[in-house]
Amino acid sequence: MDKKGKEVCHKSCFVYNEAMKDFFSQYKFQGDYTLYSVFTEVLQKELKGYSDYTLVPIPVSAKKYQTRGFNQVTALLEGAKLPFKEVLEKHDTIAQSSKTREERLQSQQCFKVKDNVQVPTKVLLIDDIYTTGATLQLAKEILVEAGVKEIVTFSLVR
């Protein structure tokens, strides 16, 4: 359970420390796309046990995609040659990285299920970084409303 009493079934590979902060700064904020390949083997190994789940990456907003040129989560999955399904879309919001912990925990719903997408029954919801869990909880709420029966979450770092 998290601090708000919501059930959390989450797995991550690494601790978010200074080295990871530097990595993600270069990968996401400086747009160094080729860094997706750093974690290819780790992701293949960690996610192979979820073959009966549909991998659903957390999307970036259209504006963020235009600025960055890629979705860091789908790039990681593509680099690891893992099949995934883009079920969600995200409205433009203030980047989580620029919010305080309190502001993150108060985040409003920013996701919706894409039009004309068949929603899977079992989902492994994937993000790159888990800090407060707000992003994954918001995405999870929308998927539950859409009829997903089982959702577990995964991030590269926490």
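Before reading further, recall that the structure is shown in the block above.
Here's what I pulled together on the structure shown here.

Parameters and conventions
Within each chain, residue numbers correspond to sequence positions counted from 1 in written order. Reporting of local features is limited, given that this is a predicted model, to residues whose pLDDT is at least 70; pairs of side-chain atoms are given and counted only at 80 or more, and all residues count toward the totals for whole chains, interfaces and linings. For the side-chain quantities, the full set of heavy atoms in the structure was used; hydrogens and water were omitted. Buried Ala, Val, Leu, Ile, Met, Phe, Trp, Tyr and Cys residues that are joined via side-chain atoms within 4.5 Å together make up what is termed a nonpolar core. Residue burial is assigned from relative accessible area. The probe radius is 1.4 Å, only protein chains are included, and a residue is buried under 20% of its type maximum, exposed over 50%, and partly exposed in between. Put simply, DSSP marks the helices as runs of H or I at least four residues long and the strands as runs of E at least two long, and each gets a number from the N terminus on. Contacts between residues were defined by any pair of non-hydrogen atoms, one from each residue, lying within 4.5 Å. The term salt bridge refers to a side-chain nitrogen of Lys or Arg lying within 4 Å of a carboxyl oxygen of Asp or Glu.

Here we look at the nonpolar core
In terms of nonpolar packing, the biggest core is built from 25 residues, with Phe24, Tyr27, Leu43, Leu47, Leu124 and Ile126 touching the most fellow members. Looking at this core, the elements that each hand over two or more residues are α1 (18-29), α2 (40-47), α4 (72-79), β5 (122-129) and β6 (150-157). Residue contacts for Leu124: discarding those within four places in its chain leaves Leu47, Tyr50, Tyr53, Thr54, Leu55, Val56, Val152, Thr153 and Phe154. Within the second largest apolar cluster, 17 residues are counted, among which are Leu125, Tyr130, Ala139 and Leu143.

Observations regarding the environment of Tyr65
When you line up the elements, Tyr65 lands in helix α3 (residues 62-68). Judged by its relative accessible area of 44%, Tyr65 falls in the partly exposed class. Those residues in contact with Tyr65 that sit more than four places away from it in its chain are Val60, Phe70 and Asn71.

Concerning the pattern of salt bridges
Summed over the entire model, instances satisfying the criterion amount to six salt bridges. One salt bridge in this structure joins Glu46 and Lys11, with 2.9 Å as the shortest N-O distance. Of the two residues, Glu46 is situated in helix α2 and Lys11 in strand β1 (residues 10-14); the sequence distance between them amounts to 35 residues. Among the ionic pairs, Asp115 bridges to Lys112, the shortest N-O distance being 3.2 Å. The exposed category is assigned to Asp115, whose relative accessible area is 59%. Here Lys112 falls in the partly exposed class, since its relative accessible area comes to 29%. Within this structure, Lys11, Lys45 and Glu46 form a network of salt bridges that share partners.

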